[in-house]
Amino acid sequence: MSADLLGPGAALAADATGRATDAAGRADGSGTSRDRRRARGPRRPLWQTALLLAGVLATIAVFLVPLYWLFSSAFKPRPDIYSWPLRWIPSRLTLDNVVEAWTSAPFDRFFLNSIITTGVGTALEVTLAILSAYAFVFVEFRFKKVLFGLIIASLMLPGHVTLIVNYITVANLGWLNSYQGLILPGIASAFAMFLLYQSMRGIDRDILQAAEIDGAGHLRRMLTIVVPLSAPMILTCTLIVMVGKWNEYVWPLIVTSTADMRTLPIGLLFLRTQEGYSNWGSIMAGALFVSLPMLLLFFLGQKRIIGGLAAGALK
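Residues numbered from 1 in each chain as written. Predicted model: local features only at pLDDT ≥ 70, side-chain atom pairs only at ≥ 80, totals over all residues. Heavy atoms only, no water.

Caption draft 1: The arrangement of the layout of surface pockets in detail. Its boundaries defined by the atoms lining it, the largest pocket holds a volume of some 920 Å³. Looking at the largest pocket, it is lined by 26 residues, and the ones nearest its centre are Gly-159, Thr-162, Pro-185, Gly-186 and Ala-188. Breaking the lining of the largest pocket down by element, the ones donating at least two residues are α8 (163-172), α10 (190-200), α13 (231-246) and α14 (250-255). (1 Å grid on protein atoms, 1.4 Å probe; cavity = no way out; pocket = protein on both sides within 12 Å on 5 of 7 lines; lining within 4 Å. Points joined across faces, edges and corners; volume = space filled by probe spheres on them. Helix = DSSP H or I, 4+ residues; strand = E, 2+ residues; numbered from the N terminus.)

Structural data, given as structure tokens:
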């Protein structure tokens, strides 16, 4: 029966009931379909959606096609690599390229050198970045702003500017072809310090003042309060620094001259032939040795990386 037949009182009651239902729906998050459409905003035109989707697919292809070609070529038979037109799907899978690359150079030694230089170098660089960021945020000393400005200004300089100075220093110290020569010149990072500085600035100083009243010194406050609260950004910084050190090419190439001190990126040079002919199957397999550990690390820690960077941006 319609509300008009029941009189104006019933119509008013029905209208009030409808408004109460809409209000309850909005309160519990469901709402009416009209409210949900209004919350989503105006509908995007179809051509804009298609253009956006095409841009996303093109971006994915730019990153994934080379990666797919690397993995597929490492396990392709040699005729498939040199065939024309390009053979995207291998006719069969083989480990010949991987075995040839592993036996053509001492890749076990290259792996060990890369693990040592990356692990120790990352630990030292992140530790120094934590100490520096804590000092610039929570410790008062003279010329703090000037020193911080100089460190940030160093980000504008390309890293190759210091190559000659660092090489002369390492050579005079007798550190050529040594782990200390590979690791120590690169442990200072303005980028890592700035990331942690931005994260630590968001920590409430009242917590540290309460700890200071309880007798905690700077070291204890840093280890028990600042570092746990900055853990997401520290982990993000660690992963970024680790990837950079694992893939470093120029400095290890300059400071080492013997095969037993080479790292993985330099080890790819051993896969080239003296006659100018390159076996791209073994080169792709060697590139797989270099890239696979960092790819696994990224896929395992991508949520931490994105979360830490987003947290730093919000702060």
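Caption draft 2: Inspection of helix α3 (residues 46-74) at higher detail. In this model, α3 (29 residues) spans 41 Å end to end at C-alpha, consistent with the 42 Å of a helix rising 1.5 Å per residue. Along its length, α3 shows its largest kink, about 30 degrees, at Leu-64, and proline Pro-66 lies within four residues downstream of that point. Taken together, the buried positions of α3 are occupied by Trp-69, Leu-70, Ser-72, Ser-73 and Ala-74. (Expected span 1.5 Å × (residues − 1). Bend = angle between axes of the 7 residues up to and from the residue. Buried < 20%, exposed > 50% of the residue type's maximum accessible area, 1.4 Å probe, protein only.)

Caption draft 3: Up close: α10. Counting buried residues along α10, eight of its 11 residues qualify, which places the element largely inside the surrounding structure. Those residues of α10 not exposed but buried are Ala-190, Ala-192, Met-193, Leu-195, Leu-196, Tyr-197, Ser-199 and Met-200. Its buried side turned inward, α10 meets α6 (107-138), α7 (144-153), α12 (218-229) and α13. (Contact = heavy atoms within 4.5 Å.)

Caption draft 4: Geometry of the nonpolar core. Phe-138, Met-193, Leu-196 and Met-200 are the most contacted members of the largest nonpolar core, which totals 27 residues. Top element by residues in this core is α6. It accounts for eight residues. Membership of the second largest hydrophobic core comes to 16 residues, among which are Ala-105, Phe-110, Phe-111 and Ile-283. (Core = buried A, V, L, I, M, F, W, Y, C linked by side-chain atoms within 4.5 Å.)

Caption draft 5: Inspection of the environment of Phe-111 at higher detail. Inspection of the secondary structure puts Phe-111 in helix α6. Along the primary structure Phe-111 and Arg-262 are separated by 151 residues, whereas in three dimensions their C-alpha atoms are 9.2 Å apart. Apart from the residues within four sequence positions on either side, Phe-111 is in contact with Trp-102, Trp-246, Leu-264, Phe-289 and Pro-293.

Caption draft 6: Here's a closer look at the side chain of Ser-178. In this structure, Ser-178 sits in the loop between α8 and α9 (179-183). Within polar-contact distance, the side chain of Ser-178 engages the backbone oxygen of Trp-175 at 2.4 Å. (Polar contact = N/O pair within 3.5 Å; in protein donor to acceptor, adjacent residues only side chain to side chain.)

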